Amino acid sequence: MTTVIDDVQAREARYVLQTYRRQPVTFVRGAGIRLYDADGNEYFDLLSGIGVASLGHAHQGLANAIADQANTLVHTSNLFFHPLQGQVAERLAALSGLSRSFICNSGTEAVEACLKFDRRYWYTKGEPRAEFIALEESFHGRTFGALSVTSDEHYRKPFEPLVPGVRWIPANNPDALLAAVSNKTAAIIVEGIQGEGGVRPLTPAFAAAINKASEATGALVIADEIQCGLGRTGNPFHFATLGLKPHLCSVGKALGGGVPVGAAILSEEVAQTISFGDHGSTYGGNLLACRAALVFLDQLISGGLLAHVNQMGRFFESRLKVIAATRPIVKEVRGQGLIWGLELNRDAAAIVPAALACRVVVNRTAETVVRLLPPLVITEPEAEAALDRLAGALDDVSRDKGNQ
Ligand code: PLP
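### Some details on the overall build of the chain
Looking only at helices and strands, the chain has 15 helices and 17 strands in total. Against the 2.2 N^0.38 benchmark of 22 Å for 404 residues, the chain shows a C-alpha radius of gyration of 21 Å, consistent with a compact globule. Looking at the chain as a whole, 51% of its 404 residues qualify as buried. In the chain, once contacts between residues fewer than 6 apart in sequence are set aside, the share between residues at least 24 apart is 71%. Here the chain has roughly 18000 Å² of accessible surface; of this, 53% comes from carbon and sulfur atoms. Averaged over its 37 positive side-chain charges, the chain has a centre that lies 2 Å from the centre of its 41 negative ones.

Okay, structure coming up:
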C-alpha cells in the first residue's frame, strides 16, 4: 500500500536526506524583502537565503528575464557557443580587474575551480606546489577541496583524509602569515570578511602582509568573495577595499539572485596556464544562469546598487550600534555595507526562532553570532521596521533567560 504524505515537514522527514536542521516554517512566496509562509504570515527577510536573493524576492526584472530565457533556450552545454556566457565574463572582468572567468553552479564549485587552477598554474610552470595556507574560522564550502581549506572540525572530521598540505594560521596575524608562507606555498586562500566564521573582517594590514608574502614567494592569492563580494560591502569586490591583490577570486551567491551560478575569476597570468579539458561542467554557465547573472550585474554596474548599499550600510551600522548599546545581550557589532554580525554574550541559537516569532528572518553562525545578510535592495523604512523586530526578539530572549 502506498502511503501518501501530504504534510510538507512529514514528507521531508520521510524522504529527504536529513542533512539540514530546518526551522519549522514553510515559505511559499516572496516580494522584495518580504517572505510569506504557508499560513499567509509576512516576514522581513534579513538573510536573503544566506546572501543569495540580492535583488530581493520575485524581482520583476529578474523574473521577466528568466521567464523569457526559459521560453527561448535554457541549456545547450559547453560544447557550443551561446551569446550570454562571454557577456557575464566580460562584466566580471571589468568589475574585478582580473581577466577571465570559469562559470560554474555554486560557491563551492567556484572555490574548487580556484584550487585546481592554482595547482595547474604550478604544474604548468614545472614547479608543482601543493601547500595551501588557509585561515582559522574559514569557510569555503563542502566538496573535498573546498572542505580541505575550511577550518571547522565539525565539518571536516567525518570526511578525512582531506586534501593534504593545508596549513592554518589565525586571521589578522601578519607575523604568523609571514612565518608560514614559503616558496612551497601554492596559494593563500582568504575571505575578506569571514562570513560563516562569525562576520569577522580581515584588516587592511593583514591584506598588505598577504600581498607581501605573495610577492616574496610567488604564492598565489585566492580571494573567496562568495559571501562578502559582489556589492555586499558597497564595493563590487571587497578585496579592492582591503587592498588585497588576488590572482584568483571565487564568486557565487548574489550573482544569480537565486538562480544557481558561481564563477572562478582568474588573472591573465594564471589563465594562460590552463588548457582545453582541464576543467569543465555540464551545466556551468548555461543560458538561464547567465541571463540571471546579467540582470544582477547590470543592477550592480548601472542600477545604483553600490551607492544604495553604502547608504544602507551607514544606516545599519548606526541602528545596530544603538541596539547593542541598549542591550547587554549584544557584546559587539561587526560588519560593513549589508553584511553584519551581532556577537552575543551567549549561544545565539534561541534568537532565530524568537525572530521568526517576531516575523523577521535572521541566522545564527559561529555559535554566538546573529548574522544579517539582507537583500541589497532593502530600503531605510524596511530596515527600520525589520531591525525593530530583531530588537524585540533580542529582548524576548534576554527576558526568557531573566538575564538582561
Ligand atoms: N565560500 C564562502 C565564503 C561561503 O560563504 C560559502 C557559502 O556559505 C561557500 C564558499 C560555499 O558556497 P555554496 O554553498 O554556494 O557552495
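There's plenty left to go through after this.
### Notes on the site of the ligand
The environment of the ligand is formed by Ser-106, Gly-107, Thr-108, Phe-139, His-140, Gly-141, Glu-191, Glu-196, Asp-224, Ile-226, Gln-227 and Lys-253. Within the contact set of the ligand, a nitrogen atom lies 2.7 Å away from a side-chain nitrogen or oxygen of Asp-224. With respect to the ligand, the side chain of Lys-253 contributes an N or O atom lying 3.1 Å from an oxygen atom. Alone, the ligand offers 390 Å² of accessible surface; in the complex the protein occludes 82% of this. Within the shell around the ligand, the residues separate by chemical class into two nonpolar, six polar and four charged.

### Re the sheet that holds strand S13 (residues 330-336)
Strand pairing in a sheet is mediated by backbone hydrogen bonds. Such pairs are either parallel or antiparallel. Pairing is antiparallel across the open sheet formed by four strands, whose spatial order is S13-S14-S17-S16. In this open sheet, the two strands that pair with only one neighbour each are S13 and strand S16 (363-365). When strand polarity is set aside, the average angle formed by the axes of neighbouring strands in this sheet is 30°. Both strand S14 (residues 339-344) and strand S17 (residues 369-372) contribute to a ladder of four bridges, which runs antiparallel. Across the sheet, the residue bridging to Trp-340 is Leu-372, located in S17. On the sheet, helix H13 (residues 305-325) packs against S13, S14 and S17 and is oriented at approximately 10° with respect to S14.

### Brief notes about helix H9 (residues 204-217)
The terminal C-alpha atoms of H9 lie 20 Å apart, and with 14 residues this matches the ideal 20 Å at 1.5 Å per residue to within 8%. Of all the residues in H9, the buried ones are Phe-206, Ala-207, Ala-209, Ile-210, Asn-211, Ala-213, Ser-214 and Thr-217. Against strand S5 (131-135), strand S6 (166-169), helix H8 (174-180), strand S7 (185-191), strand S10 (220-224) and helix H10 (238-242) lie the buried residues of H9. Gly-218 lies just past H9 and shows a positive phi near 85°.

### With respect to the packing of aromatic side chains
Applying the stated criterion to the full structure yields five aromatic pairs. Their ring planes at 35° and their centres at 5.4 Å tell us that Phe-237 and Phe-239 sit as a pair that is tilted. Its relative accessible area of 2% is what places Phe-237 among the buried residues. Take Phe-239: its relative accessible area is 6%, and that puts it in the buried class.

### Notes on the packing of helix H3 (residues 60-70) against helix H12 (residues 287-302)
Two numbers describe how H3 lies on H12: the axes approach to 9 Å, and their chain directions differ by 155°. On the basis of the axis angle, H3 is roughly antiparallel to H12. Crossing handedness for the pair H3 and H12: right-handed. Only Leu-287, Leu-288, Arg-291, Ala-292 and Val-295 of H12 make contact with H3, whose side of the interface consists of Gly-61, Leu-62, Ala-65, Ile-66, Asp-68, Gln-69 and Ala-70. For the contact of H3 with H12, the per-class residue count stands at eight nonpolar, two polar and two charged.

### Things to note about the domain arrangement of the chain
Partitioning the chain into structural domains gives domain 1 (2-58 + 304-403) and domain 2 (73-302). Its C-alpha centre places domain 1 at a distance of 27 Å from the equivalent point of domain 2. Counting residues at the interface gives 28 residues for domain 1 and 27 residues for domain 2. In this assembly, domain 1 packs against domain 2 so that about 2200 Å² is buried in total across both faces, 58% of it on carbon and sulfur atoms. Of all residues in domain 1, Leu-306, Gln-336 and Ile-339 give up the largest surface area on contact with domain 2, accounting jointly for 26% of the area buried on that side. Linking domain 1 with domain 2 are two salt bridges. Measuring nitrogen to oxygen at the nearest pair gives 2.6 Å for the salt bridge that ties Glu-196 to Arg-371.

Rules used throughout
- Residues numbered from 1 in each chain as written.
- Predicted model: local features only at pLDDT ≥ 70, side-chain atom pairs only at ≥ 80, totals over all residues.
- Heavy atoms only, no water.
- Helix = DSSP H or I, 4+ residues; strand = E, 2+ residues; numbered from the N terminus.
- Rg over C-alpha atoms; globule rule 2.2 N^0.38 Å.
- Buried < 20%, exposed > 50% of the residue type's maximum accessible area, 1.4 Å probe, protein only.
- Contact = heavy atoms within 4.5 Å.
- Areas by Shrake-Rupley, 256 points an atom, 1.4 Å probe, with all protein chains shown as cover.
- Lys, Arg positive; Asp, Glu negative; His and termini not counted.
- Charge placed at Lys NZ, Arg CZ, Asp CG, Glu CD.
- Near = heavy atom within 4 Å.
- Polar contact = N/O pair within 3.5 Å; in protein donor to acceptor, adjacent residues only side chain to side chain.
- Nonpolar A, V, L, I, M, F, W, Y, C, P; charged D, E, K, R; others polar.
- Pairing = 2+ DSSP bridges.
- Axes fitted to C-alpha atoms, helices over the stretch in contact; angles between N-to-C directions.
- Expected span 1.5 Å × (residues − 1).
- Phe/Tyr/Trp six-rings, centres within 6.5 Å; stacked < 30°, edge-to-face > 60°.
- Parallel < 35°, antiparallel > 145°, perpendicular 65-115°, else oblique.
- Left-handed = near helix turned anticlockwise from the far one by under 90°.
- Domains from an automatic or database assignment.
- Buried area = accessible area lost by both parts, 1.4 Å probe.
- Salt bridge = Lys/Arg side-chain N within 4 Å of Asp/Glu carboxyl O.

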